[in-house]
Amino acid sequence: MKVMIVGGGGREHAITWAISRSPRVDKIYAAPGNAGIGELAECVDISVMDAEKLVAFAKEKEVDFVVVGPDDPLAAGVADAFLDAGFPTFGPRKNAAIIEASKAFSKELMKKYDIPSAAYEVFDDPEDALEYLKTAKIPIVLKADGLALGKGVLICMTREEAMDGVKTLMVDKQFGSAGDKIVIEEFMTGREVSVLCFSDGKTILPMTSAQDHKRAGDGDTGLNTGGMGTFSPSPFYTEEVDKFCKEHVYQKTIDAMRAEGREFKGVLFCGLMLTPDGPKVLEFNARFGDPEAQVVIPRMKNDMLTVMEACVNGTLDQIDLQFEDNAAVCVMLASDGYPVHYEKGFEIKGLECFATRDGYYAFHSGSKMKDGKVVTNGGRVLGVTALGSTLQEARTNAYAATEWVEFDNKYMRHDIGKAIDEASIGSIRRMRPDPSTKHEVRKCVGPGGARELRSS
Ligand code: AMP
Ligand code: GLY
């Protein structure tokens, strides 16, 4: 079979890796792909938003199956363009991708169908929003209605901050038309967990849980980013939470979308907060998370193509979705300065280390080939993922592997998965040194010969 992947980030690299393992796949095309994806697929330089060119390319190559990875093309109807041209396509149509593309839509859906979420109001006039904020309970959360690269959410600890936030989103339009409308939402507290679910429109199968680290700096400081690292599974996603979400969130949401004439086929990403009053939905996304995909996909036992086909064909009820009984941690290697100003074009060295080791992955987020070399080409550069039999082991392995890679201005967080200790070791032992700070010497044998690698 010939498969075409639309996208060029770490999520699409992880998807491409999984699909390349399917014995039925002979050829993969990626638009636009990146240097890592290029090792598994033929990359073609077409924008993810150029539906016409993408479909023409798929026709020319007689592609058998298409996967649309990122949020922007899904929201713009790129999956519709492929489906309407007759290609079996994984990813929701535009009328279903709205569950991510409009926060006001998803809040209204949850209210109408009694899916647990924070109380909220929607405003399209800044004056009304300011009036409401005069008496609203603080802290409070402001969200741009539209897509804003995961950055359109303002957590306001004071009334003044909230008033300023209305100006930022609705008057100054920091996120463009995404801020034409805003959601003002009750502030919730608790652990965050992400659960990505496959859906064929009727059946929904949750994958193993994961947790993202959205802030740029250690200790959850600095600006929000697309995600600086993830771990899976989340020790906080207990059987009890799973039971609650299966009853009150996943199936209800898919059924609600169908009832609204918006059949959802693809991955429904449920961002949850485990509040003192029970799990509540923070957000829905209409695709795999990035970098959640980088820890969830390597743990999946099933053939990815078969599961995706079942989503498209409406036969997901026949799939027995299974994950390895292990753990994964992904540490994002970024360019210093991300998410604001950063330089690109630096050579990435050490990638050969991953080719010779099982359970270690370098999923490329922002890379490209230049003069025969792999160079940095984005704020987020590489998702370094490692498996382990426990979360602690996976984290130690992932941090060791981050040292195999070198490029100028390399930046990462050093506390990805810190919360793991609280869950599994307990509050008293939390005082002890972090197991990942243990020095461990590893050897990586690459073309340049043996190198000693020290994790600290
Ligand atoms: P979202 O894109 O809606 O998931 O929001 C981004 C981040 O903002 C979430 O991962 C949470 O950390 C935080 N957040 C969003 N909504 C709320 C809320 N109602 N209360 C507290 N924190 C929130
Ligand atoms: N990592 C968060 C997202 O993909 O939206």
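Bear in mind that the values here come from a model prediction, so they are computed numbers and not experimental data.

1. Looking at the site of ligand 1
Around ligand 1, the structure places 14 residues, and the nearest of them are Glu185, Glu186, Met188, Glu192 and Glu283. Contact distances for ligand 1 include 2.3 Å between an oxygen atom and a side-chain N or O atom of glutamate 192. Glutamate 283 places a side-chain nitrogen or oxygen 3.1 Å from an oxygen atom of ligand 1. Compared with its free state, where it exposes 470 Å², ligand 1 has 92% of that area covered by protein. Secondary-structure elements contributing two or more residues to the shell around ligand 1 are strand S7 (140-144), strand S8 (153-156), strand S9 (182-186) and strand S16 (278-285). Among the residues making up the shell around ligand 1, the classes are represented as seven nonpolar, no polar and seven charged.

2. Details of the confidence of the model for the protein
Averaged over all residues, the pLDDT of the protein equals 92, while 92% of them reach at least 70. In the model, residues 425-456 has pLDDT below 50 throughout and makes 58 contacts with residues more than four positions away in sequence or in other chains.

3. What about the site of ligand 2?
Surrounding ligand 2, one finds Asp212, Gly226, Asn285, Arg287, Gly289, Asp290, Pro291 and Glu292. Glycine 226 places a polar main-chain atom, nitrogen or oxygen, 3.3 Å from a nitrogen atom of ligand 2. At a separation of 2.9 Å, an oxygen atom of ligand 2 approaches a polar side-chain atom of arginine 287. Isolated, ligand 2 exposes 200 Å² of accessible area, and the fraction of that covered by the protein chains is 89%.

4. Observations concerning the packing of helix H7 (residues 126-133) against helix H8 (residues 159-171)
At their nearest, the axes of H7 and H8 sit 10 Å apart, and the two run at 170° to each other. By the criterion of interaxial angle, the relationship of H7 to H8 is roughly antiparallel. Where H7 approaches H8, its residues Pro126, Ala129, Leu130 and Leu133 are matched on the opposing element by Arg159, Ala162, Met163, Val166, Met170 and Val171.

5. Examining the packing of aromatic side chains
Within this structure, the stated rule accounts for eleven aromatic pairs. Considering the side-chain rings of phenylalanine 198 and phenylalanine 288, the 6.0 Å spacing of their centres and the 85° angle between planes classify their relative orientation as edge-to-face. With phenylalanine 198 in strand S10 (residues 191-200) and phenylalanine 288 in the loop between S16 and helix H10 (292-296), the pair connects residues that are 90 residues apart, well separated along the chain. A relative accessible area of 2% places phenylalanine 288 in the buried class. The rings of Trp17, Tyr361 and Phe363 are connected pair by pair, giving a single aromatic cluster. Directly above the ring of tyrosine 360 sits arginine 357, whose terminal nitrogen or CZ lies 5.6 Å from the centroid.

6. Concerning the sheet that holds strand S2 (residues 27-32)
Read across the sheet, five strands follow the order S3-S2-S1-S4-S5 without closing on themselves; strand pairing throughout is parallel. Both outer strands of the open sheet, strand S3 (42-43) and strand S5 (89-90), are each paired with one neighbouring strand and no more. Note: strand S4 (residues 65-68) against S5, two bridges, orientation parallel. Of the residues in S5, the one forming a bridge with valine 66 is threonine 89. Helix H2 (residues 51-60) contacts strand S1 (2-7) and S2 of the sheet and is inclined by roughly 165° relative to S1. On top of the sheet, helix H11 (residues 304-313) reaches S1, S4 and S5; it is set at about 90° to S4, its chief contact.

7. A short note on the sheet that holds strand S6 (residues 120-123)
The sheet built from four strands is open, its strands ordered S6-S9-S7-S8 with antiparallel pairing. Where the open sheet ends on each side, the last strands, each with one partner, are S6 and S8. Pairs of neighbouring strands in the sheet enclose a mean axial angle of 20°, with direction left out of account. Inspection of the sheet shows S7 paired to S9 by five bridges, in the antiparallel sense. Across the sheet, the residue bridging to isoleucine 140 is glutamate 186, located in S9. Contacts from helix H6 (residues 103-112) reach S6, S7, S8 and S9 within the one sheet, and its direction differs from that of S6 by about 140°.

8. Regarding the pairing of strand S20 (residues 373-376)
Of the pairings in the sheet, the one linking strand S19 (residues 367-370) to S20 comprises four bridges and is antiparallel in character. Opposite lysine 368, over in S20, you have valine 375 as the bridge partner. If you look at the hairpin formed by S19 and S20, you'll find two residues sitting between the two strands, and aspartate 371 has a positive phi there, around 50°.

Calculation rules
Residues numbered from 1 in each chain as written. Chains lettered and ligands numbered in written order. Predicted model: local features only at pLDDT ≥ 70, side-chain atom pairs only at ≥ 80, totals over all residues. Heavy atoms only, no water. Near = heavy atom within 4 Å. Polar contact = N/O pair within 3.5 Å; in protein donor to acceptor, adjacent residues only side chain to side chain. Areas by Shrake-Rupley, 256 points an atom, 1.4 Å probe, with all protein chains shown as cover. Helix = DSSP H or I, 4+ residues; strand = E, 2+ residues; numbered from the N terminus. Nonpolar A, V, L, I, M, F, W, Y, C, P; charged D, E, K, R; others polar. pLDDT = per-residue confidence, 0-100. Contact = heavy atoms within 4.5 Å. Axes fitted to C-alpha atoms, helices over the stretch in contact; angles between N-to-C directions. Parallel < 35°, antiparallel > 145°, perpendicular 65-115°, else oblique. Phe/Tyr/Trp six-rings, centres within 6.5 Å; stacked < 30°, edge-to-face > 60°. Buried < 20%, exposed > 50% of the residue type's maximum accessible area, 1.4 Å probe, protein only. Lys NZ or Arg CZ within 6 Å of the ring centre and 35° of its normal. Pairing = 2+ DSSP bridges.

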